[in-house]
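Below are the chains, spelled out letter by letter.
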Amino acid sequence: MVRVAIVDDEITILKKIQAMIMQEFAVHRIDCCYFSYTSAKDFIEAQKKQPFDIAFLDIIMPEYTGFQAAAEIRNLKNQTYIIFITSNDESVYDAFDFQPFQFICKDCDDIFQNRMKHVIASLVRHLKQNQTILFQLPFCEEKKVKISDIIALKSDRNYLEVNLCDGSILRVRGKLPEREAELLSYDFVRVHNRWLINMRHICLPDYPNEEVIMIHDLTVPLSRSHKNELKKRYAEYLRSNT
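About the cut-offs
- Throughout, residues of each chain are indexed from 1 in the direction in which the sequence is written.
- A pLDDT threshold of at least 70 governs which residues receive local features in this predicted model, and a stricter bar of 80 or more applies before side-chain atom pairs are shown or counted, although totals over entire chains, interfaces and linings include all residues.
- The side-chain numbers reported here are obtained from all heavy atoms of the structure, hydrogens and water having been left aside.
- Here a strand is any run of E in DSSP of at least two residues, a helix any run of H or I of at least four, and the numbering for each starts at the N terminus.
- Under this scheme, a helix contributes an axis fitted over its contacting stretch, all axes are lines through C-alpha atoms, and angles between N-to-C directions fall in the 0 to 180 degree range.
- Working rule for angles: under 35 degrees goes down as roughly parallel, over 145 as roughly antiparallel, 65 to 115 as roughly perpendicular, anything else as oblique.
- In this scheme the handedness of a crossing depends on how the near helix is turned from the far one: anticlockwise by less than a right angle means left-handed, clockwise means right-handed.
- When checking whether two residues touch, look at their non-hydrogen atoms; a contact exists if any pair is within 4.5 Å.
- In this classification, Asp, Glu, Lys and Arg are treated as charged, Ala, Val, Leu, Ile, Met, Phe, Trp, Tyr, Cys and Pro as nonpolar, and every other residue, Gly included, as polar.
- Criterion for a salt bridge: a side-chain nitrogen of Lys or Arg within 4 Å of a carboxyl oxygen of Asp or Glu.
- The classification of residues rests on relative accessible area computed with a 1.4 Å probe and restricted to protein chains. Under 20% of the type maximum is buried, over 50% is exposed, and intermediate values are partly exposed.

I tried to follow the environment of Arg224 on my own but got confused; where do I start?
On the secondary structure map, Arg224 appears in helix α6 (residues 224-240). As for Arg224 and Arg157, which are separated by 67 residues in sequence, their C-alpha atoms are 22 Å apart.

Just to check I follow, could you spell out the packing of helix α1 (residues 11-27) against helix α4 (residues 109-129) for this structure?
When two helices pack together, their arrangement is given by the angle between their axes and by how far apart the axes lie. Across the interface, α1 lies against α4 with an axial gap of 10 Å and an inter-helix angle of 45 degrees. One way to sum up the angle between α1 and α4 is to call them oblique. Considering how the two elements wind past one another, α1 and α4 form a crossing that is right-handed. Residue-level inspection shows Lys16, Ile17, Met20, Ile21, Glu24 and Phe25 of α1 in contact with α4, the latter providing Asp109, Phe112, Gln113, Met116, Lys117, Ile120, Leu123, Val124 and Leu127. Classifying every residue of the contact of α1 with α4 gives ten nonpolar, one polar and four charged.

What is the right way to read the pattern of salt bridges from this model?
Pairing of side chains with opposite charge becomes possible as their charged atoms draw close. Under the definition given, this model contains eight salt bridges. The salt bridge partner of Glu45 is Lys48, with a shortest N-O separation of 3.7 Å. Taken together, the positions of Glu45 and Lys48, both in helix α2 (residues 40-49) and three residues apart, correspond to about one turn of that helix. A relative accessible area of 42% places Glu45 in the partly exposed class. Residue Lys48 is classed as partly exposed on the basis of its relative accessible area, which comes to 45%. When the shortest N-O distance is used, the salt bridge between Arg179 and Glu182 registers 2.7 Å.

What follows is the structure, given as structure tokens:
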């Protein structure tokens with residue numbers, strides 16, 4: 001269950017924002033538990049007891065601003081996704097120190113709603129990557145791996161080499177088509193008969209040289225038969241995360 005906090009000192013706007021957020025997460029079939037606050041101080045007290053996964057914070061509030069609340073979140077070393085909601089575009093530039101996930105301007109209803117849809121779709125992608133996947137190891141052992149920690153999977157006959165963000169390579173039994181079917185909805189894409197990559201970790205798709213540069217200087221071959229699919233999927237991925 002995803003814990004979502006919405007903080008705005010104006011009760012009418014707070015209810016409107018919460019209804020919109022609930023509707024969008026329902027579209028993506030994400031189970032959430034919602035908490036609304038008209039006081040940023042009350043929100044922080046709740047955050048200290050049990051951190052929220054996502055916090056939608058109005059920036060301009062009396063007594064205690066959204067920036068102050070965000071600073072408290074980061075001081076607590078919480079990994080909460082922060083989305084600032086503001087009616088002042090200029091305040092956005094003062095917010096980067098708090099590592100926000102996104103910003104939403106609430107001046108125009110149509111723009112606000114479209115932006116909310118975009119932000120929540122992007123949040124859903126990130127939440128999915130925080131899930132774990134189970135791999136079968138030798139001697140009947142199993143290992144759970146966070147999806148976001150997987151850079152790429154390489155097929156080697158009846159085995160898979162799983163390249164991880166910590167630099168290690170996990171060798172497990174399995175077939176690439178089976179894992180592809182499992183991971184396509186988590187922003188993975190096939191780039192070669194033997195390779196499946198996580199688009200989250202792409203540094204550069206080098207189309208002329210038919211290769212993809214991943215993090216940790218991992219270079220993955222890009223076959224001609226998969227080039228157009230990568231172009232299409234990666235463009236969609238970038239649009240949904242900006």
